[in-house]
Amino acid sequence: MATARIGYLNLADAAQLAVSSQNLLAPVARLQDPHVGVRWQGTSGAEWIVADLGAIRTFDAVRLMGLTADTIRIRCSTTDPTAGDVADSGVQPVDQAFLTFTELRRVTARFVRVDVTSTTICSGGRLFIGALETFGINFAWGWTRKWVDPSDRKKTEGGQTVINRRQRYRIFAVSFEALTDAEANGFTDDIDRINGLTDDVLFVPVPDSSNLERDSIWGLITDLSPVAQQFLDRWTKQLSIEQRL
């Protein structure tokens, strides 16, 4: 299993977005809303999205959370928003295209074009374009992934159970037991300092999974746990992320 990866600086937030079509009540700007449930919706089963990052930037991941589509093609270019001269995933099933693109590691480009097709109307909830940091040594055994159901259940005087249903979400919790000095004082510290408890991260505990939608999470860190020095050059840190709907 490949070691876990995490992205915390989303270049898509400052990008200029263009789209082939959009529902007037669900415009493309919704792809920059941190809530996956706030969705862009096209008008057909074949759509494209172009993100202009404003300058040539370096990144290695493009993800569209909450995507309704059957196939996707991701292309990157330094000069042409319609081309894929820097990187081109080809037309693939959604998870395979995400996997192919992240396996390319660092890409330097200005334009990112995403083409999607579906048997229904295409839509998506949150666009992430950014660099994924890779942990040198993976998290320890015993990590957890669970569903949380915030629904309310109350008993009436007659003994019936009244349920106020709310949407379920996931929480991933892992423990890194062997961070290097560079990791402890570098990107893990940056995540706490820059994102804190208020800005989203993309955590991919199983980067080579055949089901990246299941084996990754977009959400908020639930607790800024300290890094603890175990040896001269080895640190530990707990990481818990709650899915953002």
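Procedures and definitions
Residues numbered from 1 in each chain as written. Predicted model: local features only at pLDDT ≥ 70, side-chain atom pairs only at ≥ 80, totals over all residues. Heavy atoms only, no water. Buried < 20%, exposed > 50% of the residue type's maximum accessible area, 1.4 Å probe, protein only. Helix = DSSP H or I, 4+ residues; strand = E, 2+ residues; numbered from the N terminus. Pairing = 2+ DSSP bridges. Salt bridge = Lys/Arg side-chain N within 4 Å of Asp/Glu carboxyl O. Contact = heavy atoms within 4.5 Å. Core = buried A, V, L, I, M, F, W, Y, C linked by side-chain atoms within 4.5 Å. 1 Å grid on protein atoms, 1.4 Å probe; cavity = no way out; pocket = protein on both sides within 12 Å on 5 of 7 lines; lining within 4 Å. Points joined across faces, edges and corners; volume = space filled by probe spheres on them. Nonpolar A, V, L, I, M, F, W, Y, C, P; charged D, E, K, R; others polar. pLDDT = per-residue confidence, 0-100.

Draft legend 1. Local environment of the pairing of strand E18 (residues 217-221). In terms of residue burial, E18 counts as a mostly covered element, since four of its five residues are buried. In the sheet, strand E17 (residues 201-204) pairs with E18 via three bridges, with the strands oriented antiparallel. Residue pairing in the sheet places valine 201 in a bridge with glycine 219 of E18. Pairing between E18 and strand E20 (residues 234-243): three bridges, direction antiparallel. Residue pairing across strands places leucine 220 opposite glutamate 242, the latter belonging to E20.

Draft legend 2. Here's a closer look at the pattern of salt bridges. The tally for this structure, following the rule as stated, stands at 14 salt bridges. For arginine 168, the salt bridge identified is with aspartate 149, shortest N-O distance 3.3 Å. In this pair, arginine 168 sits in the loop between strand E15 (161-164) and strand E16 (169-179) while aspartate 149 sits in the loop between strand E13 (144-148) and strand E14 (152-155), placing the two residues 19 residues apart along the sequence. Note on aspartate 149: relative accessible area 40%, which makes it partly exposed. With its nearest N and O atoms 2.8 Å apart, the salt bridge here joins aspartate 190 to arginine 193. Remark: arginine 193 and aspartate 190 occur in helix H3 (residues 187-195); sequence separation between them is three residues, near one turn of the helix. One salt-bridge network, in which partners are shared between bridges, spans Arg5, Asp60 and Arg106.

Draft legend 3. Molecular detail of the side chain of asparagine 138. Within the secondary structure layout, asparagine 138 lies in the loop between strand E12 (133-134) and E13. Apart from the residues within four sequence positions on either side, asparagine 138 is in contact with Met1, Ala2, Thr3, Ala4 and Phe176.

Draft legend 4. Main features of the nonpolar core. Formed by 42 residues in total, the largest nonpolar core has its most connected members in Phe59, Val62, Ile72, Val112, Leu127 and Ile129. Mapped by element, the contributors of at least two residues to this core are strand E2 (16-19), strand E4 (46-59), strand E5 (61-65), strand E6 (71-77), helix H1 (94-102), strand E9 (107-117), strand E11 (126-130) and E17. Beyond its immediate sequence surroundings of up to four residues, valine 62 is in contact with Ile74, Phe98, Phe101, Val112, Val114, Leu127, Phe128 and Ile129. Membership of the second largest hydrophobic core comes to 19 residues, among which are Phe135, Val174, Phe176 and Leu239.

Draft legend 5. View of empty space enclosed by the protein. Enumeration over the complete set of coordinates arrives at two cavities of 30 Å³ or more. Taken together, Ile6, Phe135, Phe176, Leu179, Thr188, Ile191, Asp192, Lys237 and Leu239 make up the lining of the largest cavity. For the lining of the largest cavity, the secondary-structure elements that each account for two or more residues are E16, H3 and E20. The element that contributes the greatest number of residues to the lining of the largest cavity is H3, accounting for three residues. Class assignment of the residues belonging to the lining of the largest cavity gives a composition of six nonpolar, one polar and two charged.

Draft legend 6. Quick peek at the confidence of the model for the protein. For the protein, the average pLDDT comes to 93, and 98% of its residues sit at 70 or higher. Across the protein, the element-wise mean pLDDT spans from 75 in H1 up to 98 in E2.

Draft legend 7. Spatial organisation of the pairing of E11. Burial within E11 is extensive, with five of its five residues counted as buried. Burial of E11 is two-sided: the residues Arg126, Phe128 and Gly130 facing one way and the residues Leu127 and Ile129 facing the other way are all buried. Bridge analysis of E5 against E11 gives five bridges, and the strand direction is antiparallel. For arginine 63, the partnering residue across the bridge sits in E11 and is phenylalanine 128.

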